[in-house]
Amino acid sequence: MSKKVSKAFSPSGISSFFEICDRTPDGKAITNLDRVGSRGGGFGLEKGVLTEISVSEAKTSSISVYINGTLAPHAETTQTVLRKLLDKANGTYNIVTKHTVQVPIGAGFGTSAAGALTAGLALSDALKLHLTYNQIGKIAHEAEIHCKTGLGTVGPLMIGGCVLTIEPGAPGTAVIDRIPLSPDYVIVAGVFGPTSTKQVLSSPEKRKLVNRYGRKTLEAILDEPSIENFLSSCWEFAN
């Protein structure tokens, strides 16, 4: 096998509201990662993550990940996806992954999910693994949960638009809907700085607040699924 190069693109996303869904009603952790995720809603954006993967045969498998031209050994979520797909391949390969991220990183644009999804799509194509879109999405979803970089971002990015996740889970398990939008709408996004997803997901106080208002917000939006009501309900959630 000579060097094979494959590319994939994913939109980034804005999570406008959410409810963390990783525990049963009696507080026990859900162990089936297909069922872990979030309810919520947000937008897929035109700008996102473009990933190029080059694969060549090697004596032992190796993975290197670059983000905007800089070696990124901390890119755990992408590496987890690549390792899982390598396990499905016959042979050993040198894999070089280059993420071009068109939005700020660590600022709530779902770049970990977009990077994981595009890495999965590109490597699956390069190695001719013959996996479906949802099968690749599920691997990216599980990697995000394992690395605590997100909960339910992958599925909505695979659909785009103004997205509502009504029931949590991996792609193929989650129930995801959309509010139809005119292409005349434009998202203007401002960034104050990065916030660690891990910190939010690990804080009992934040989790309790998020879940109390996240469920109320989804119910309010489903009562009147217009873009105006969506935005005003999300504004209340944010406050």
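(A) A look at the environment of Leu151. Residue placement: Leu151 occurs in the loop between helix 3 (133-147) and helix 4 (154-159). The exposure class of Leu151 is buried, given its relative accessible area of 10%. In sequence terms Leu151 and Glu19 are 132 residues apart; their C-alpha atoms lie 9.8 Å from each other.

(B) View of a negative patch on the surface. Taken together, the side chains of Glu219, Asp223, Glu224 and Glu228 make up a negatively charged region of the molecular surface. Locating Glu224 in the fold gives a position in the loop between helix 6 (204-223) and helix 7 (227-238). Residue classification places Glu224 among the partly exposed residues on the basis of a relative accessible area of 44%.

(C) Main features of the side chain of Thr118. On the secondary structure map, Thr118 appears in helix 2 (residues 111-126). For Thr118, a relative accessible area of 0% translates into the label buried. Within the structure, Thr118 has its side chain in polar contact with the side chain of Thr51 (distance 2.6 Å). Setting aside anything within four residues of it in sequence, one finds Thr118 in contact with Ala8, Phe9, Ser10, Val49, Thr51 and His99.

(D) Examining the pattern of salt bridges more closely. In this structure the tally under the stated criterion is eight salt bridges. For Asp22, the salt bridge goes to Arg207, with nearest N and O atoms at 2.6 Å. Within this pair, whereas Asp22 is found in the loop between strand 1 (4-21) and strand 2 (37-57), its partner Arg207 is found in helix 6, the two being separated by 185 residues in sequence. The pair Asp22 / Arg207 is uniform in exposure class, with both members buried. Here Glu142 makes a salt bridge to Lys84, at a shortest N to O gap of 3.5 Å. With a gap of 58 residues between them, Glu142 in helix 3 and Lys84 in helix 1 (residues 76-88) connect regions that are remote in the sequence. Here the salt bridges do not stand alone but share partners, grouping Glu19, Arg39, Glu167 and Arg215 into one network.

(E) Structural view of helix 3. A rise of 1.5 Å per residue sets the reference length of helix 3, with its 15 residues, at 21 Å; its end C-alpha atoms lie 21 Å apart and thus fit the reference within 8%. Regarding helix 3, the residues found buried are Ile136, Gly137, Ile139, Ala140, His141, Glu142, Ala143, Glu144, Ile145 and Cys147.

(F) Quick peek at unusual backbone geometry. Look at His130: it is not a glycine, yet its phi comes out positive at around 55°. Position of His130 among the secondary structure elements: in the loop between helix 2 and helix 3. Not every positive phi belongs to a glycine, and Lys148 is a case in point at roughly 55°. Locating Lys148 in the fold gives a position in the loop between helix 3 and helix 4.

Rules behind the numbers
- Residues numbered from 1 in each chain as written.
- Predicted model: local features only at pLDDT ≥ 70, side-chain atom pairs only at ≥ 80, totals over all residues.
- Heavy atoms only, no water.
- Helix = DSSP H or I, 4+ residues; strand = E, 2+ residues; numbered from the N terminus.
- Buried < 20%, exposed > 50% of the residue type's maximum accessible area, 1.4 Å probe, protein only.
- Patch = residues over 30% accessible without salt bridge, like charges linked within 9 Å, V, L, I, M, F, W, Y side chains within 5 Å.
- Areas by Shrake-Rupley, 256 points an atom, 1.4 Å probe, with all protein chains shown as cover.
- Salt bridge = Lys/Arg side-chain N within 4 Å of Asp/Glu carboxyl O.
- Lys, Arg positive; Asp, Glu negative; His and termini not counted.
- Charge placed at Lys NZ, Arg CZ, Asp CG, Glu CD.
- Polar contact = N/O pair within 3.5 Å; in protein donor to acceptor, adjacent residues only side chain to side chain.
- Contact = heavy atoms within 4.5 Å.
- Expected span 1.5 Å × (residues − 1).

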